[in-house]
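Close look at the chain arrangement
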Amino acid sequence: MTAIEPSPSPSPPAGAGGEGGRSGREPALSPGQVRGGASAAGQAISVRGLRMSYGSYEAVRGIDFEVAHGEILAFLGPNGAGKTTTTEILEGFRRRTAGEVSVLGADPGRGGADWRGRIGVVLQTSAPERLLTVRECLSMYAGYYQRPLPVDRVLDLTGLQGKTDSRCDQLSGGQQRRLDVALALIGDPELIFLDEPTTGFDPSARHMAWDVVRGLRDLGKTVFLTTHFMDEAENLADRIIILAAGRIVAEGTPETIGGRQAVASVITFTMPQGMTAGSLPPLPVPVTVARGDRAEITAPEPMPVLYAISSWAMQYSLAIPDISVQRPTLEDIYLRLTEDHA
Amino acid sequence: MSTAALVIHQARYDLRVFFRDPRARAATLLVPVVMLVFFGAVFRHTSFTFGGTTVSGNDYYLSRMIVLGVTSAALSNMIITLVAERESGALKRRRATPVRPIALIGGDVITCEVSTITIAIVLWLIGWLAFGVHVPGAGLAAILLALVVGTAALCSLAYAITPLLKSVDSTGPVLTIVTIVLGIISGLYAPDSVFPAWLRDAALFLPLRPLALALQAAVSPATNHGHTFAWDYLGIVAAWGVAACLVAVWKFTWSPTRQ
């Protein structure tokens, strides 16, 4: 029993503002913003040995993770990895086969109305209440909660001020998604589930949606974000969990997940006029020159290589205007980690 | 908010949606009105006799068209709305809030009650002003009671039937066929005086014919041994409501069926 109870952890996990977290990424919790004293001491979400089977098919095969209060966690994985099943168990929509789950201090399978009032859910697919106006829709939902936020405040937070009297079915896709977030926010939840919030958005709508999520961080909300987009996870998340075939295959900050910080960088540049591979100074790693003049160096430790090349270029007054150092993208890491399960 | 206040809160918004929806208005109000005008004009000087009772064409069709309106609003429109809201995720989203199901269901029932009473008032006015149907004072109370019971029962039936319908696309055609067949054998269109007695007796145990007979008794008590309130018929309708309610509790789901 004691082994599976979520224990209050004195220090936040990596990425929640501690070491490895990026500057400006600290959770903006302030006293009084988190309701519910009991769970404020522990983690917002704690999962131990979670399993879920559909007949003989095991969709989730024993996963453990925690989400700290005020943290934005991105939950990634290919289709069929078990993301939706896990999310629905956390939201209290689905029963589990085995394991311990605590969301805001309660078992989501038994969470009552008070517990529901402390979480907000933005579903993957949900059409608006098409014949109500934005304000009516928010007022209707506000009535479901004991202590809702003022409708105008939520309209401000989600950038829907100019659309209050528009009918929901006249909103653009991006505006409808903002309304979804607004409906999840109206009850002033501590924890918000965002299930693929920007799927089908154009780039500008996605960036506006990201601003809304960053606004949630500033309010001190905990966000559980499911997404297919690596740039979304990279831009928003304090920490990332990658799920594949029902198991967690990697967990870490966007910078370090899957050993990303240790994976070799690729340095590329165009060889200066008249130079060949043999003209370069001695380097700790091999160089390939493609298409006659395109040099590519894969360097686990890029600094000595850059130092050697820049000294050489300065010494001979050579211009190398297009030199670039490419870090592996989160997508590269993700594809490597999930390639066996895709 | 108390549960009662929450039901009223929900009903306010559901009613706005209902009266803003042109499809709901046309299907529930326009069709019975057009049919009452048509049948009233055709059968205004005709009487139907069956089982030792005689009823005038106007009395017959006023009660039947009210049943048609109740069926359209509380059964067909309710089912279409529920299937669409379930499949779009709207029901699931509401259930993701602390709101209790009783408030959501209560809002639906009140919306249906208000709309069926509105339809009945319009039909009664047409019957009275255009075809001279005179409903006694007690009859109006009996119509109101039959509307409240019948609407609640059909709403309950809508919640019980919705789990059988998996997609929005198939719901319309299936409902059209089922409600037309049910309407025909319940005597909503052709007078059931021409039906064999066994069919009339069988239809008495379906929800629509007893509701029609209860309304007919309210309009013309002579067809019910002089009794304005037809408790036996209302009992059958209420029994359908209770049975459907049990099925709904067992089978109704709030999440989309396609996953």
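Up top is the structure.
Computed from a predicted structure; not experimentally measured.

**Some details on the overall build of chain A**
Of the regular secondary structure elements, chain A holds 10 helices and 13 strands. In chain A, which comprises 342 residues, the share counted as buried stands at 41%. Restricting to contacts in chain A with at least 6 residues of sequence separation, those with at least 24 account for 72%.

**A short note on the overall build of chain B**
Looking only at helices and strands, one finds 10 helices and two strands in chain B. N-terminal to C-terminal, the α/β element order of chain B is α-α-β-β-α-α-α-α-α-α-α-α. Relative to the globule expectation of 18 Å for 259 residues, the C-alpha radius of gyration of chain B, 18 Å, shows essentially globular dimensions. Dimensions of chain B, computed from the C-alpha atoms along their principal axes, are close to 55 × 35 × 30 Å. A burial count over chain B gives 46% of its 259 residues as buried.

**Notes on unusual backbone geometry**
Residue and element names in this part refer to chain A. Of note in this structure, L104 is not a glycine but carries a positive phi near 50°. Here L104 is to be found in the loop between β4 (98-103) and α3 (113-116). Positive phi outside glycine occurs at D188, with the angle close to 55°. Positionally, D188 belongs in the loop between α6 (173-185) and β6 (191-195).

**Digging into the interface of chain A and chain B**
Counting residues at the interface gives 21 residues for chain A and 19 residues for chain B. Every element with two or more residues in the side of chain A that touches chain B is listed here: α3 and α4 (134-142) of chain A. In terms of residue count, α4 of chain A provides more of the side of chain A that touches chain B than any other element does, three residues in total. Split into classes, the residues belonging to the side of chain A that touches chain B amount to 12 nonpolar, five polar and four charged.

**Concerning the environment of A142 of chain A**
Residue and element names in this part refer to chain A. Its location among the elements puts A142 in helix α4. In this structure the C-alpha to C-alpha distance between A142 and L185, which are 43 residues apart in sequence, comes to 9.5 Å. Contact partners of A142, with chain neighbours within four places excluded, come to P148, V151 and I186.

**What about the sheet that holds strand β13 (residues 324-326) of chain A?**
All names here are of chain A. Strand order across the open sheet formed by four strands is β11-β12-β10-β13, with antiparallel pairing between neighbours. Taken across any chain shown, the strands that pair with only one partner, and hence form the sheet edges, are β11 (287-290) and β13. Strand-to-strand twist of the sheet, defined as the mean angle between neighbouring strand axes without regard to direction, takes the value 25°. Examined bridge by bridge, strand β10 (residues 265-270) and strand β12 (residues 294-299) share six bridges and lie antiparallel to one another. What sits directly across from S265, in β12, is A299. Helix α9 (residues 302-315) rests against β10, β12 and β13 of the sheet, and its axis sits at about 20° to β10.

**Topic: helix α10 (residues 231-251) of chain B**
All names here are of chain B. For α10, spanning 21 residues, the distance from its first C-alpha to its last is 30 Å, which sits close to the expected 30 Å at 1.5 Å a residue. Those residues of α10 lying buried are Y233, L234, V237, W240 and A244. Looking down the long axis of α10, one finds its buried residues gathered within 115° of arc, a one-sided arrangement. The exposed residues of α10 that point more than 90 degrees off its buried face are W231, V242, L246, V249 and W250. Of the surrounding elements, those touching the buried residues of α10 are α6 (137-161) and α9 (208-219).

**Here we look at the pairing of β10 of chain A**
Relative to β13 of chain A, β10 of chain A runs antiparallel, the two being bridged by three bridges. Its bridge partner lying in β13 of chain A, V266 of chain A is registered against Q326 of chain A.

**Re the nonpolar core**
Counting 132 residues, the largest nonpolar core has A182, F224, L225 and I242 of chain A together with A158, A214 and L215 of chain B as its most contacted members. In terms of residue count, helix α3 (residues 57-88) of chain B provides more of this core than any other element does, 16 residues in total. Among all residues touching L215 of chain B, those that are not within four sequence positions of it are S63, I66, V67, I143 and A146 of chain B. By size, the runner-up hydrophobic cluster in this structure holds five residues, among which are I267, A295, I297 and V305 of chain A.

**So, the sheet that holds β4 of chain A**
Residue and element names in this part refer to chain A. Strands sit in the order β2-β1-β4 across an open sheet of three strands; the sheet is antiparallel. Where the open sheet ends on each side, the last strands, each with one partner, are β2 (57-67) and β4. Averaged over neighbouring strand pairs, the angle between their axes works out to 25° when direction is ignored. As paired elements, strand β1 (residues 45-54) and β2 share eight bridges and run antiparallel to each other. Within β2, the residue paired with V47 across the bridge is F65.

**Some words on the environment of G117 of chain A**
By secondary structure assignment, the location of G117 of chain A is in the loop between α3 and β5 (119-122). Sequence separation between G117 of chain A and L131 of chain A is 14 residues, and the spatial gap between their C-alpha atoms is 25 Å. Among all residues touching G117 of chain A, those that are not within four sequence positions of it are Y145, Q146 and G187 of chain A together with P98 of chain B.

**Observations regarding the packing of helix α1 (residues 3-20) of chain B against helix α5 (residues 101-131) of chain B**
All names here are of chain B. Direction vectors running N to C along α1 and α5 enclose 50°, while the axes themselves pass 7 Å from each other. Taken together, the axis directions place α1 and α5 in an arrangement best described as oblique. As α1 runs across α5, the sense of the crossing is right-handed. Of the residues in α5, those in contact with T3, L6, V7, Q10, A11, D14, L15 and F18 of α1 are I102, A103, L104, G106, G107, D108, I110, T111, V114 and S115. When grouped by side-chain class, the residues that make up the contact of α1 with α5 number 10 nonpolar, six polar and two charged.

What counts, and at which threshold
- Chains are numbered independently. Their residues run from 1 in the order of the written sequence.
- All chains are assigned letters beginning at A, and all ligands numbers beginning at 1, according to the order in which they are written.
- In keeping with the predicted nature of the model, local features appear solely for residues at pLDDT of at least 70, side-chain atom pairs appear and are counted solely at 80 or more, and the whole-chain, interface and lining totals rest on all residues.
- We count a stretch as a helix when DSSP gives it H or I for four or more residues in a row; a strand needs E for two or more, and each element gets its number in order from the N terminus.
- Residue burial is a threshold on neighbouring C-beta atoms within 10 Å of the residue's own C-beta, all placed from the backbone, with 20 or more meaning buried, 12 or fewer meaning exposed, and counts in between meaning partly exposed.
- A pair of residues counts as a contact when their C-beta atoms, built from backbone coordinates, are within 7 Å of each other.
- The atom set for the radius of gyration is the C-alpha atoms, and the globule formula is 2.2 Å times the number of residues raised to the power 0.38.
- Each residue is assigned to one class: nonpolar for Ala, Val, Leu, Ile, Met, Phe, Trp, Tyr, Cys and Pro, charged for Asp, Glu, Lys and Arg, and polar for all the others, Gly among them.
- Two strands make a pair as long as DSSP finds a minimum of two bridges between them.
- Simply put, an axis is a line fit to the C-alpha atoms, just over the touching stretch for a helix, and the angle between two N-to-C directions goes from 0 to 180 degrees.
- Expected helix span is given by 1.5 Å per residue-to-residue step, counting one fewer step than there are residues.
- The arc in question is traced by the directions running from the helix axis to the C-beta atoms.
- By convention the nonpolar core is taken to be a set of buried residues drawn from Ala, Val, Leu, Ile, Met, Phe, Trp, Tyr and Cys and joined through C-beta atoms within 7 Å.
- Working rule for angles: under 35 degrees goes down as roughly parallel, over 145 as roughly antiparallel, 65 to 115 as roughly perpendicular, anything else as oblique.
- By the definition used in this description, the sense in which the near helix is turned from the far one sets the handedness, with an anticlockwise turn below a right angle giving left-handed and a clockwise turn giving right-handed.

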